Amino acid sequence: NAGDRKPAAGLFDKLGAALGLTPAPKPPLAPPSTPPPAATPGPRTPAPTPGMAASPGPAPAVGAERVAVLKFCGSRLLTQAEQLATELARHAGVAAPDSRVIHQTGVTAVEWQALEAAADALGSAGEELRGDLDGTPAALLMTYVPGAKLSSPAAGQVFLGASRGQACEDLGRIFCIDALLGNADRLPCTDLGWRGNPGNVLAGAPGSKHAGRLVAIDACVQRRPPAAKLDREDEVVDRLAQLVLTDPGGSVVLPLLRDQLLAAAPPAAQSALREAGPECAAAFQRGLRDALQRVVALKGLLEMMHEKVAGHVAEFLADMRAAAPNLALPS
């Protein structure tokens, strides 16, 4: 899961120091509290259609229809890792869909049962959905983002007029969070060895919640990369990010945008870089700096969470070794 990797540790500290940022102190651990009572299932909402479900938030009026995205990640850990990555991105100022995890059991069991009933009601058309529901214990529910893939000509509208600066700022924020998470499946960047997938960045449709913005979808978190590989990646990320943040005239940022991050973008993006290169470069730097400032502010909380979870795991393994000395356990 996302906790398997402590991404770009040098980027937190070295770049934070370069920006004059001080990590937020770790919050004190709260005393154990009484767990909240189990949620009482409310009225059942209309069953969703395949690939759709009631989106997070208040239920729509009876008879109303809304579109949402239901994603099956293969395991509970992968589902939770993607949801955590999405929430981290949102806290870094990245435009991203609202999301939450639905489990087969627990307080969301009634929603899972509604999905199963909807799949069954569709007969043969719902077989694929039913197979996914039967094959995994959890799913990720996200709000639907209307828009066009970054590689699509329709995405060019975000690089025109007043929205151009906002789009370049969004690109800087996405670049920051992907560097921290080690996500190579969104923005193409040969300097960092990212293969990229422009389909995982959407240009918000006019009139939608994210109109004029670039929206990051399908977060990807590396799991247990080799230590030597991780160190090399962090070193390259640290060097490139410092060059970008301290580039006064766009001599580093503009080639990065033109030849790598926006290489697969529509002609309107390249035209924007030619016509307003310094403006685009400065906006990208603002977005990167803003996201980094937000992440540094979260650093203390994330470290506290990591230490607490690591402590619980260590205690559990120690108890298991004491109870079953011959049992093979991870070190």
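Residues numbered from 1 in each chain as written. Predicted model: local features only at pLDDT ≥ 70, side-chain atom pairs only at ≥ 80, totals over all residues. Heavy atoms only, no water.

**Describing the packing of helix 5 (residues 163-181) against helix 9 (residues 277-323)**
Here comes step 1: Packing of helix 5 against helix 9 leaves a shortest axis separation of 7 Å and a crossing angle of 45°. With respect to their mutual orientation, helix 5 and helix 9 come out oblique. In the crossing of helix 5 with helix 9, the sense of the turn from one axis to the other is right-handed. Taking contact as the criterion, the partners of Arg164, Gly165, Cys168, Glu169, Leu171, Gly172, Arg173, Phe175, Cys176 and Leu180 in helix 5 are, on helix 9, Glu279, Cys280, Ala283, Phe284, Arg286, Gly287, Leu288, Asp290, Ala291, Leu292 and Val295. (Axes fitted to C-alpha atoms, helices over the stretch in contact; angles between N-to-C directions. Helix = DSSP H or I, 4+ residues; strand = E, 2+ residues; numbered from the N terminus. Parallel < 35°, antiparallel > 145°, perpendicular 65-115°, else oblique. Left-handed = near helix turned anticlockwise from the far one by under 90°. Contact = heavy atoms within 4.5 Å.)

**Quick notes on the packing of aromatic side chains**
Here comes step 1: Taken as a whole, this structure holds two aromatic pairs when the rule is applied.
Here comes step 2: Centroid distance Phe175 to Trp194: 5.7 Å. Interplanar angle 55°. Geometry classified as tilted. One end of the pair, Phe175, is in helix 5; the other, Trp194, is in the loop between helix 5 and strand 5 (201-204), with 19 residues separating them in the sequence. Side by side, Phe175 and Trp194 carry an identical accessibility label, which is buried. (Phe/Tyr/Trp six-rings, centres within 6.5 Å; stacked < 30°, edge-to-face > 60°. Buried < 20%, exposed > 50% of the residue type's maximum accessible area, 1.4 Å probe, protein only.)

**Let's talk about the nonpolar core**
Here comes step 1: Among the nonpolar cores identified, the biggest contains 54 residues, and Phe159, Phe175, Leu214, Leu261, Leu262 and Phe284 are the most heavily contacted of them.
Here comes step 2: Of all elements in the fold, only helix 2 (76-91), helix 5, strand 5, strand 6 (214-216), helix 6 (227-245), helix 7 (253-261), helix 8 (267-275) and helix 9 reach the threshold of two or more residues within this core.
Here comes step 3: It is helix 5 that contributes the most residues to this core, ten residues altogether.
Here comes step 4: Core analysis: the second largest hydrophobic core is formed by ten residues, Leu70, Leu115, Leu129 and Ala139 among them. (Core = buried A, V, L, I, M, F, W, Y, C linked by side-chain atoms within 4.5 Å.)

**Remarks on the sheet that holds strand 6**
Here comes step 1: Across the sheet, three strands lie side by side as 4-5-6; this open sheet has antiparallel pairing. Lying at the two open borders of the sheet, with one neighbouring strand each, are strand 4 (147-149) and strand 6. Strand-to-strand twist across the sheet, computed as the mean angle between neighbouring axes with direction ignored, equals 35°.
Here comes step 2: Where strand 5 lies against strand 6, three bridges are found, and the strand directions are antiparallel. Within the sheet, the bridge partner assigned to Val201 lies in strand 6 and is Ala216. (Pairing = 2+ DSSP bridges.)

**Topic: helix 5**
Here comes step 1: If you check helix 5, its first and last C-alpha atoms are 27 Å apart, about what 19 residues at 1.5 Å a residue would give, namely 27 Å.
Here comes step 2: Extensive coverage of helix 5 is indicated by the burial of 18 of its 19 residues. (Expected span 1.5 Å × (residues − 1).)

**Observations concerning empty space enclosed by the protein**
Here comes step 1: Evaluation of the coordinates by the stated rule reveals two cavities of 30 Å³ or more.
Here comes step 2: Each pocket or cavity is described by its volume, and for the largest cavity that value is around 50 Å³.
Here comes step 3: Along its surface, the largest cavity is lined by Ala85, Thr86, Ala89, Ala96, Pro97, Arg186, Ala216, Ile217, Asp218 and Ala219.
Here comes step 4: A breakdown of the residues in the lining of the largest cavity according to their chemical character gives seven nonpolar, one polar and two charged. (1 Å grid on protein atoms, 1.4 Å probe; cavity = no way out; pocket = protein on both sides within 12 Å on 5 of 7 lines; lining within 4 Å. Points joined across faces, edges and corners; volume = space filled by probe spheres on them. Nonpolar A, V, L, I, M, F, W, Y, C, P; charged D, E, K, R; others polar.)

**Notes on the sheet that holds strand 1 (residues 68-71)**
Across a sheet, strands are paired by hydrogen bonds formed along the backbone, either parallel or antiparallel in direction.
Here comes step 1: Strand order in the open sheet formed by three strands is 1-3-2, and the pairing between neighbours is antiparallel. Among the strands making up the open sheet, the edge pair consists of strand 1 and strand 2 (99-103). When strand polarity is set aside, the average angle formed by the axes of neighbouring strands in this sheet is 25°.
Here comes step 2: Here five bridges tie strand 2 to strand 3 (residues 138-143), and the two strands are oriented antiparallel to one another. In the strand pairing of strand 3, Val101 is matched with Leu140.

**So, the pairing of strand 5**
Here comes step 1: Here strand 5 shows two buried faces, one formed by Val201 and Ala203 and the other by Leu202 and Gly204.
Here comes step 2: Sheet topology note: the strand 4/strand 5 ladder contains three bridges and is antiparallel. By the bridge assignment for strand 5, Gly147 is matched with Gly204.

**Some words on the confidence of the model for the protein chain**
Here comes step 1: This prediction gives the protein chain a mean pLDDT of 82; 78% of its residues lie at or above 70.
Here comes step 2: When mean pLDDT is taken per element in the protein chain, strand 6 scores highest with 97 and helix 1 (residues 9-18) scores lowest with 50.
Here comes step 3: Below pLDDT 50 for its whole length, residues 24-57 participates in 49 contacts with residues either more than four positions away or in separate chains. (pLDDT = per-residue confidence, 0-100.)

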